[in-house]
Each structure stands twice: as C-alpha cells, then as structure tokens.
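Residues per chain, in single letters:
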Amino acid sequence: MHDDIPLTVGRVTRVLKERILPAVHAESVPLTAQWHELPGEPVAPAEGLALDYTPYAVGTPWGAAWGTTWFRLTGQVPAHWAGRRVEVVADLGFDRDMTGFQCEGLVYRADGTPVKSLNPRNQWVLVADEAEAGQAVELYVEAASNPILVAGNPFVPTSEGDIVTSSSKRLYTTGRLDLAVFERDVFELALDVEVLLELQAELPAGPRRMQVLQALDDAMDRLDLQHVASTAAEARAALVDVLARPAEASAHEISAVGHAHIDSAWLWPVRETIRKVARTTSSMATLIDETDDFVYGMSSAQQYAWIKEHRPEVWERVKAAVDAGRFVPLGGMWVESDTVMPSGESLVRQFLHGQRFFETELGIRCRGVWLPDSFGYSPALPQLMRRAGFEWFFTQKISWNQVNTFPHHTFLWEGIDGSRVLSHFPPMDTYNAQLSGAEVALASRQFRESRVATGSIAPVGWGDGGGGTTREMTGRASRLADLEGSPRVRWEHPDAFFDRTREQLPHAPVWVGELYLELHRATLTSQHRTKQGNRRTEHLLVEAELWAATAAVRTGTAYPHDELDALWQQVLLQQFHDILPGTSIAWVHREAVEQYARVTEAAEAIVARSLAALVGEGDVVVEANAAPFERAGVPAGGVTPLEAQGPGAYAVSLVERDGGWVLDNGVVAVTVSAEGLLTSAVDLATGRDAISPGREGNLLQLHEDVPNRWDAWDVDRYYRNRVTDLRDVSALTAAVDDEGVARVVVERQISADSTVRQELSLAPGARLLEISQQTDWNETEKFLKVAFPLDVRAEHVAAETQFGFHRRVTHTNTSWEAAKFETSMHRFVLAEERGFGVALVNDSTYGHDVTRDVVGDDVVTTVRLSLLRAPRFPDPETDQGVQTHRYGLVVGADADVATREGALMGTSARRVRGAHGVAPLVTVTGEGIVLSSVKEAADRSGDLVVRVYESLGGRARGVLRLDLPVASVTTATLLEEPLDDGGVAVTDGDVPIVLSAFEVRTLRVVRA
C-alpha cells in the first residue's frame, strides 16, 4: 500500500479542529448580559450580587488591570431543547494558551451559591442535564481582569505588575455569552479522535499504528461534516475496536492525580490568589460530582484556610469532597515554601501549622511532602520530613536542570544526618500534565527505575495560575486506562503509589546531599528587602517565643498563642517559593515588606511585654540575650545587669598607616588600605593571615547581569566575564567609639547613580570584623558582590543550612560541580584547612560563590557574598533604593566559631531597665550542641517544647538543664507529639543528651 500517513493525519487534524470541536456547542442562543465594573478592590459575593447592573453588549471591552467586573447573565431554555443537556458558554476574552495568567471568573447562582470557574480551558457552566422548556437561567460572574504579563516575550519590563502603577485601559473583549446545547456524542468523538491521533504519533511503525490510522480514516468517512452532531455516534463506532484493545502486560502505569499548583503569589498578588483558589476548587468539586473515579489533590493549608475564611460556601463543598476521599490534601505544609532559605525553625513551623490545620479542620494527616516547583531542596530536609512523621517526598523541578540529568525518578534521598526518605520525580517532567499522548509516552520512555518498578505519578491539570483538571482530561484518562500502545492511567492518591513503590523498590538507589537546581540561582539574591525581612522575622519570632515562655514559667504571664500563630503564619506564607525567592511582581514584594514591618512591630511588642514581666520595675540596666550562645558575659536565654558583666580583657588600637588604618584588638589585627580594602587580617595567636598575599578583601565587584531568560530567577555563568572592581574612595575616616570599638568608614561611588557606605568595626576581643553597609542602589541589570580572597587551601567549604551545614567542593572536576557556580548558605560559609579557617557571616543574604585559584605555589580560595541585583522582570524596580547589609569576616574560625558568630549576628542583644536579671529557663552544655528554640506547646497544654541540634557534624554528649519544676520529659516529633520511647531521665532538672551528627532533637517538658 502507498504511504498515506501524512494524508490521514492532516485530514483528521483539520476535521477535529475545524468541525468536531466547534460542534460540541454548535446550537446556541445569546444570553442577556448586564455588568457592573467595580472602581477598587473586590467585594464579597453577597455584595457583588446586589450591585446595580446596566446593559452590556458582547464585544464591549471590559476590565482594567487588576479590576473586578460583575456580569449578570439571564435567559430562557428554548422549548425545542427540552430534555437535552444545556450549558452556558462564556468567553470573557480568553487566550487559550494562557490559562491561569489572564482574566478568569467565578460563577454564582442568584442565591449566592458558587458553581464553578470560567477560564480559557473551562468555558462552560451546567444549566441542566435534562433541561425544561422555558427554564429560566440567571447566573452571575465575578470576573477578574488580571493582566497577562508573560505573553509573547515573557521577560519584558512592565508597570502592570502593581495596581499602583498599572494602566486604566480595558484589557479584555468578550467573545460569546451564550446558552448552548452540549452535544455529548460530539464531545466524546473529539476525545476519541484526539487520543488516537496522539497515540499513533508515539507508536513505532507497525500493525498497531496502521490499524489506528485506518480506524481514524474510517471514522472520518462516516462523519458528515455538515451534520456533525447527527453522525458523531456513527463515527465513534468506527473507533470502538482500536480503543478497546488492552495495554500490554508490561505497560508503564501512571498514577494520575488532579492538580492545579496554584502559586500563592507570583504574577498576581495574594488577594488574587485567594480568589484563584476559590475558582479552582469550585470547578474541581464540580468535576468530582460529574465523575466516578477522579481524584484531585491540593497542597498548602494556607489555601484551604483562605477558602474557609473568604468563601465558606466553597469550603463546605471542599470538606464534603475531602470526606469522600476524592479531594486530597497534600504536602502537610502551610505553603509550598522555598526550602533552601527558610531557617530550620521555619521549616518545622511549615510542617507544624500545615499538619495541625489539616487535622483540626479536615481530619487528615498528610503522609508525604509535596513540593513540585520549589527551586532546589536543602539537604536538611530528609531528617525534618522524617521527624515530622512524613513517609515520602515528591517534586519535579530538578528536571529543569541546565546541564546534568538527574539519574533517578524513584530513589531514597539521604540528608546531612543520614536520614533517608522515599522520593519521586515524575518522568513526565511536568506538574501541569494534560495526559497528552506525548506526555504519557515520555513518562514510559524516560522512567529510570523501570527494571524493578512499574509506575510513576502524573499531576494533571492547568497550574501555576490555577484552573486545574478539565473534563477533557478525565475523558482522556478513561480512554488511557487500558489502551494498547499506551501506559495505563488511573486516578490515585499519591499515598497508594508510594505504598506500592516501597514494595517494588526495597533497595532503591540513594542520592546523598542537596537536590541542587541548576537554574534559578539568582533567587538567592533577588529582592533583598524580602529576604532581609524573612531572616529577621523568623529569628525574632523564635526570640519572642523564648521570652514569652520564660515569662509564662517565671511569672505566670499568659503565653500569646494566638498572636504568635498569626505572626508565624504570615511569615510562613511569605516563604512561598515565588515570594521569598524574589520572583514575583512588584505588588507582591511591596506587600511583603509591609507585612514584615507589621510582624516585626507585633513581635517586638511581645518581646517587650515578656521582658517587662521578667525583669520587673526598676532602673537597673539589664542586657537580654536570646541567642543560643553567651554574649559579653550574658548567658544564652538569660538577662544580666550590665554592671555584673565586668570589664573586657582586651582593648582595641587604631593606627594610621599609608593612608589607611590598622585595627588591633589583641586577637586579630586588620589592615585597611587607603582604598578601604582589607590587605591583611591576621590571627595573632597563630600569625596566620586570612587574606591571600597581594590580594584584597572587602572588594565590591559589579557585574553585568542579563540572563538568557527568567530575569529575576537566573544568573548565567557568563556574568563573570564582565566585572568592575570598585576601588575609588570618596571618603575614608576612622575612630574608636565610647565602647572601645574601632570603626573605619568607607564611602564609594558605584556609578553616577549609586553609592555605598561601609562601616568596618572591630570590637574588643572579637574575631569578627563586622561590616555594616548601606547602598543607595539605582542600577539596572547589574549584580553586586563582595569578594574575600582567602589564604586557605580549602578543598571544601561548609555552608550553613537548617540545623547544620553542607560541605561543597571548591573544584570543578565534574559537570555537576561546575554547575554549582552560585550556591546557598544561611548565616555563614566557612573555608578551612587543618588548624586554620576563615568564615564569612551575614544577617540577611543567602547567595555566594567560591572559586579556587593557584597563584605560584599557593591556593587562593575566594569567597564572595551576593548582595544586590537589578533585574527588570517581573518587577522593573527590583532592589532599587536604599538597602542595608551586615556581614563580616571571622578570622581563625572553625565550624563551632562560625556557628556561634553567625547566630550572634542573627540575634542582637537587648538592653532594658528593670529590677533584676533573669536566669535562663533552659541551658545546654556539650560541644556542638545548640539550643534552637524554647516555646510553649502548640496544643496549649502549658508544656514546654525544647529543640536542640548537633551543629558540627559529629557525635555529641551534653546536658540540657531545665531551671523549672519538671514532672516529666519525653522525646517528641517536630509536630510536638511525644514518642513512645519510655521518656527521658531527669535528675534535678538535668537531662542527658546524646546526639548523632547534625541530629535534631525535640523534647517535650511537662511542668510540675
């Protein structure tokens, strides 16, 4: 036979697009439309339904950016449609390729009951399965005119990303607002044809492909293109046999779960996400009602909480679907957070607040962590997941790697402490699957564990901006359930998939260490104010808990559970993976900074109240130290009168030399050149100089920074090819202040538009040269770093992560190592050789890079902190204006010193007036054991929860001292639930502690 494949494919493709799909709703009548454009922010549904409406003509532009327009649609079912399925078809002006990124609506009945959403791939609303002649139709649409910010070239700077700067131009034009007959046979024919057309494209040459193509030709021959509806059933009959043939016994199995991945903020503000969640969940509840086996999964307790608060009618539908096992809470976290930058305590609270909400409100405890889209995953996560009771982990983002292909799809992920968790990456390489033929074939073809495991997960639905699964997708799934030449598809709870996978892979491959994303590296730096707000508030809330718990025990002051819960939940929301990473529109980051200020004010008030209750009324100046290490004679968690601290053992000298200055405090001697650069930083005990000979530290460097794509997200390797060293000094002054601290002030001009002022300070007895920096930053597409070339032969550097640190090599032997040219840290990064090390500590940055160079016979390890960027999309004003940083060089450091200095920089001492000092409630002794938090239990029992961790990467023994009456102490999970381990021995308030490397231990203390 002749090769007619292209002819058949072309024929079927055209008929499907031009004749079959339009015939699904071919018979229609226009509805009568009215509208009301709101002048400001959205209103409650009841208020929207009660608005005054005026006539609206289809084709009239509507909706300025971020506006809300209410439409009222009325009509009657024609008499000859009686007994047929009738739907409203509403095109608000949709671009089918931009689902979730443009206008969308939520449909209400006249009584205020929400029905479902309208979006580009979901333009229908059921009126009746069997309509009555003359049946009245009255529906209301709350339509959001969100601007499209990623169309065409998705990285063009725009002022539309903030309601403050957006235009008033109407953005959308309605296409149709009709009452229409839904032709079931035509709809099913479209799915039959689509599935088979996509299937044959993936099949190898052979009988199956030829038979599918012949069946499609036969169907086209039976279809009257002028009378599609009346001949659709006959055309379908020609496809029955090829659709009925079962899949091969060895076919890959796809566990599908409905999905929408609604970003809690991104190219829309939080207020719009609240409405996106209501829209999507309404549609998913409707789809559940219309199907027998569809299962929809949604993560983020915050999003459920929004529905409960803002759309109680939708909440009742969601609860009913959850009770039926069809709507599945996933992930057990407050939001799908970034996991690289939040502190350990923050990640604990993500799990604690997430799981408590799901259990309290829905009676569900999530068994796995669901994070499909975060930008890399901390090596501390496996332990935290296990200690919070999670059994599995799911993501897919690592498939975005620029260079290296991750070697596994199902594997055990091992963290810094040795904990392992069963993990899965879907080989479909998407969290927004459509169940297309190409997608399911890719999953089967790519699955790397197919020798021993049978299946993978597919999150199915329109996502990022929401929308979720469509009836077309559930229709595809039913055809792919058992189809020759295709993987088998079934709707399934991810728990069932992981249970089966655990049996199939008892000896799964192991990946050790971080899951580094070879992309989006600049998310560690973009939007500095957001990152600074996160670091400061997460530390401040832990401090507020400490003083509130201490006041509760010492004075009987009521612990402010409600206040702290609300503040934590705000901070946890802003750790979402498009807020904290700095990749959202201007509106989002403007609000984030405002919220951080609000959280700071409220948390400071809790601290002030608690300390006032603790120290009493008086005129004694006392210093309170919430850091986990002693500071200037004040113990960790203690309050000490200043007069009791005694004089320091060291004094600082400041000597001018060659136009610069030498700062010497008896521990280190630092030379600052006339250019304000560090030419020497000597550990006086060993004589070792931290700065490489002939090099200069504290060197600010300015790079051109225009990535290929994803401006706020990415920095590409070639950025290093253009660099300007900032050496010119506008002013250089020095002095020793009243507290004996030597300070050198350096002022520079970065460019004609930007300046920087640094204050370098050395305190008596300190190993830390602290640098406080204020930058008036008005650059575009630039990257500011500060470099410290260290005279340390370090094959690894240690970068702090949650509850420990992660070692990364400094060489680039392999493509995996070369790809890590920008990496993360928390409060310190340490370069060390035997007997000597140097650390960089900071209060609000996360990105850094390390290079290794050989100069003569010496190895130079250059560590640079990433300070500021200036991308133009999605926020063209990213980081503009005055920015502040604190960072510093710790000379003669090891991991213990680096941990201490980082913690002390992160939590400042407080001075207040009162009657007396206060002994710490909890103290810890033992090398490497760090007290992480002290708080009252979340269940409000009055029990204390105390968390410690091993910080140095080795076995540790010590004692936890409880200065309070104790009834019992038990080991607990991160969810604060006692473990059945027989309890912990307590002797006169002393609890012996034995920890393995980087182990996190939570203790629950029942007060006597």
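Each value, and the rule that gives it
Each chain has its residues counted from 1, running along the sequence as written. Per-residue local features of the predicted model are confined to residues with pLDDT of at least 70, and side-chain atom pairs are confined, for both listing and counting, to 80 or more; whole-chain, interface and lining totals are unaffected and use all residues. Side-chain numbers come from the whole structure's heavy atoms, not from hydrogens or water. Numbered from the N terminus, helices here are DSSP runs of H or I no shorter than four residues, and strands are runs of E no shorter than two. For a compact globule the rule gives 2.2 Å times the number of residues to the power 0.38, and the radius of gyration it is set against comes from C-alpha atoms. A 1.4 Å probe rolled over the protein chains alone gives each residue an accessible area, and that area as a share of the maximum for its type sets the label: buried under 20%, exposed over 50%, partly exposed in between. Directions from the helix axis toward the C-beta atoms define the arc. Throughout, a contact is declared for two residues whenever any of their heavy atoms are within 4.5 Å. Pairing between two strands requires that DSSP report at least two bridges joining them. Angles shown run from 0 to 180 degrees and are taken between the N-to-C directions of axes, each axis being a line fitted to C-alpha atoms and, for helices, limited to the stretch in contact. Throughout this description, the term nonpolar core refers to a set of buried Ala, Val, Leu, Ile, Met, Phe, Trp, Tyr and Cys residues connected via side-chain atoms within 4.5 Å. The span expected for a helix works out to 1.5 Å for each residue beyond the first. By definition, a salt bridge exists where a carboxyl oxygen of Asp or Glu is found within 4 Å of a side-chain nitrogen of Lys or Arg. Each pair of aromatic rings taken from Phe, Tyr and Trp, with Trp reduced to its six-membered ring, is defined by centres within 6.5 Å and is described as stacked if the planes are under 30 degrees apart, edge-to-face if over 60, and tilted in the remaining cases. Polar contact is the term for a pair of N or O atoms within 3.5 Å; when the atoms are in protein, one must be able to donate a hydrogen and the other to accept it, and sequence-neighboring residues count only if both atoms are side-chain atoms. Our angle categories are set so that under 35 degrees counts as roughly parallel, over 145 as roughly antiparallel, 65 to 115 as roughly perpendicular, and the remainder as oblique. The sense of a crossing depends on the near helix, which, turned anticlockwise from the far helix by less than a right angle, makes the crossing left-handed and, turned clockwise, makes it right-handed.

Asks: Which residues make up the overall build of the protein, and what are the values?
Replies: The helix and strand tally for the protein stands at 19 helices and 52 strands. For 1008 residues, the compact-globule estimate of 2.2 N^0.38 gives 30 Å, and the protein sits close to it at 31 Å. Along the first, second and third principal axes, the C-alpha atoms of the protein reach 95 × 65 × 60 Å. For the protein, the residues scored as buried account for 62% of the 1008 residues in total.

Asks: Summarise helix α1 (residues 5–20); cite the residues concerned and give the values.
Replies: Buried within α1 we find I5, T8, V12, V15, L16 and I20. For α1, the angular spread of the buried residues around the axis is 110°, confining them to a single face. Away from its buried face by more than 90 degrees, α1 exposes P6, L7, R14 and K17. Buried residues in α1 make contact with α3 (184–202), α4 (207–222) and α5 (228–237).

Asks: Describe the sheet that holds strand β52 (residues 1000–1007), naming the residues involved and giving the relevant values.
Replies: Taken in spatial order, the four strands line up as β47-β48-β52-β50 in an open sheet, and their pairing is antiparallel. Edge positions in the sheet fall to β47 (929–936) and β50 (966–972), since each of these pairs with one other strand and no more. Across the sheet, the axes of successive neighbouring strands diverge by a mean angle of 25°, strand direction being ignored. Taken together, the six bridges between strand β48 (residues 944–950) and β52 define a ladder with antiparallel strand orientation. Its bridge partner being in β52, R947 is matched across the sheet by T1002. On top of the sheet, helix α15 (residues 528–555) reaches β47, β48 and β52; it is set at about 65° to β47, its chief contact.

Asks: Describe the nonpolar core, and please don't skip the residues or the numbers.
Replies: Judged by nonpolar contacts, the single largest core of 189 residues is most densely connected at I20, F351, W413 and L515. When sequence neighbours within four positions are dropped, the list of residues in contact with F351 reads G332, M333, V369, L381, L384, M385, A388, F390 and L975. Counting residues in hydrophobic clusters, the runner-up holds 46 residues, among them W661, L678, V746 and L784.

Asks: So what's going on with α15? Residues and values would help.
Replies: For α15, which comprises 28 residues, the first-to-last C-alpha distance of 39 Å matches the rise-based estimate of 40 Å (1.5 Å per residue) to within 8%. For α15, the buried fraction is high: 24 of the 28 residues fall into the buried class.

Asks: Quick one: what's the story with the pattern of salt bridges, residue by residue and with numbers?
Replies: Inspection of every chain in the model, using the stated rule, returns 81 salt bridges. Of the charged contacts in the structure, one is a salt bridge between R85 and D129, with a shortest N-O distance of 2.7 Å. With R85 in the loop between β5 (67–76) and β6 (86–91) and D129 in the loop between β9 (124–128) and β10 (136–145), this pair connects stretches of sequence that are 44 residues apart. Judged by relative accessible area, R85 falls into the buried class, the value being 9%. The salt bridge partner of E833 is R688, with a shortest N-O separation of 3.0 Å. Taken together, the positions of E833 in strand β40 (residues 828–833) and R688 in strand β29 (residues 688–689) put the pair 145 residues apart, joining distant regions of the chain. Each of the salt bridges in this network shares a partner with another, and the network as a whole consists of E41, E104, E142, R271, E272, R275, K276, R279 and R311.

Asks: Go over the pairing of strand β27 (residues 668–672) with me, naming the residues and quoting the values.
Replies: For β27, the buried fraction is high: five of the five residues fall into the buried class. Of the two faces of β27, the one carrying V668, V670 and V672 and the one carrying A669 and T671 are both buried. Where strand β26 (residues 660–664) lies against β27, four bridges are found, and the strand directions are antiparallel. By the bridge assignment, D664 is partnered in β27 with A669. Two successive antiparallel strands, β26 and β27, enclose a turn made up of three residues, where G666 displays a positive phi of approximately 85°. Note that β27 and strand β28 (residues 678–683) share five bridges and pair antiparallel. By the bridge assignment for β28, T671 is matched with S680. The antiparallel hairpin formed by β27 and β28 contains five residues in its connecting segment, where G676 sits at a positive phi of about 75°.

Asks: Tell me about unusual backbone geometry, and please be specific about residues and values.
Replies: Residues F873 and P874 are joined by a peptide bond in cis, for which omega reads 5°. Positionally, P874 belongs in the loop between β43 (858–869) and β44 (881–891). Phi at L435 takes a positive value of approximately 60°, unusual for a residue other than glycine. Along the polypeptide, L435 turns up in the loop between β19 (420–424) and α12 (437–446). One non-glycine residue, F998, lies in the positive phi region at around 60°. Note on placement: F998 falls in the loop between β51 (990–995) and β52. By relative accessible area, F998 is classed as buried at 7%.

Asks: Give me the lowdown on the packing of aromatic side chains, citing residues and values where you can.
Replies: A full pass over the atoms with the stated rule returns 40 aromatic pairs. Where Y304 meets F327, the ring centres are 6.0 Å apart and the plane angle is 75°; that geometry is what we call edge-to-face. Of the two residues, Y304 sits in helix α8 (residues 301–310) while F327 sits in strand β15 (residues 327–330), which places them 23 residues apart along the sequence. The same class applies to Y304 and to F327, which are both buried. Consider the rings of F803 and Y949, whose centres lie 5.3 Å apart with planes at 70°: the pair is edge-to-face. With F803 in the loop between β37 (796–801) and β38 (804–809) and Y949 in strand β48, the pair connects residues that are 146 residues apart, well separated along the chain.

Asks: Can you lay out the side chain of E492 for me, pointing to particular residues and giving the numbers?
Replies: Among the secondary structure elements, E492 is positioned in the loop between β21 (488–491) and α14 (494–504). By relative accessible area, which is 12% here, E492 ends up buried. A polar side-chain atom of E492 sits 2.6 Å from a polar atom in the side chain of S255. Those residues in contact with E492 that lie beyond four places of it in its chain are S255, A256, V257, V295, F497 and R500.

Asks: Lay out the packing of α8 against helix α10 (residues 344–362) with the relevant residues and their values.
Replies: It is the contact of α8 with α10, at a shortest axis distance of 9 Å, that shows an interaxial angle of 40°. When the axis of α8 is compared with that of α10, the two are oblique. Like other packed secondary-structure pairs, α8 and α10 cross with a definite hand, here left-handed. Contacts between α8 and α10 pair A301, Y304, A305 and K308 from the former with G354, F357, F358, E361 and L362 from the latter.

Asks: Describe the sheet that holds strand β8 (residues 114–118), and please don't skip the residues or the numbers.
Replies: Taking strand neighbours across the sheet as the criterion, the six strands line up as β3-β2-β5-β10-β7-β8 in an open arrangement whose pairing is antiparallel. Every interior strand has two partners, whereas the edge strands, β3 (54–56) and β8, have only one. Each strand of the sheet is rotated relative to its neighbour by a mean of 30°, with strand direction disregarded. Summarising the sheet, strand β2 (residues 32–37) and β3 pair through three bridges and their orientation is antiparallel.

Asks: So what's going on with the environment of E439? Residues and values would help.
Replies: Here E439 lies in helix α12. With a relative accessible area of 16%, E439 lands in the buried category. Placed eleven residues apart in sequence, E439 and M428 show a C-alpha to C-alpha distance of 5.7 Å. The contacts of E439, once residues within four sequence positions are left out, are M428, T430, N432, A433 and Q434.

Asks: Please give an account of the environment of K820 that cites residues and values.
Replies: Along the polypeptide, K820 turns up in the loop between α18 (815–818) and β39 (823–824). Taking the relative accessible area as the measure of exposure, K820 reaches 31% and is therefore partly exposed. For the pair formed by K820 and E518, sequence separation is 302 residues and the distance between their alpha carbons is 7.1 Å. Excluding its chain neighbours within four sequence positions, the residues that come into contact with K820 are E514 and Y516.

Asks: Could you give an account of the environment of E130, naming the residues involved and the relevant values?
Replies: Its place among the elements puts E130 in the loop between β9 and β10. Using a relative accessible area of 63% as the deciding quantity, one classes E130 as exposed. Along the backbone, E130 and H310 are 180 residues apart, and their C-alpha atoms lie at a distance of 33 Å.

Asks: Tell me about the pairing of strand β25 (residues 653–657), residues and numbers included.
Replies: Two strands pair when backbone bridges link them, and β25 and β26 are joined in this way by five bridges, in the antiparallel orientation. From the neighbouring strand, E656 faces β26, where its bridge partner is W661. Counted between consecutive antiparallel strands, the loop separating β25 from β26 contains two residues, among which D658 sits at a positive phi close to 55°.

Asks: Would you mind going over the side chain of H259 in detail, with residue names and values included?
Replies: For H259, the position within the fold is in the loop between β13 (253–258) and α7 (270–290). Looking at H259, its side chain comes within polar contact range of the main-chain oxygen of Y431, at 2.9 Å. Apart from the residues lying within four places of it in its own chain, the contact partners of H259 are Y296, G297, W370, P372, Y431, P459, V460, G461, W462, G468 and T469.

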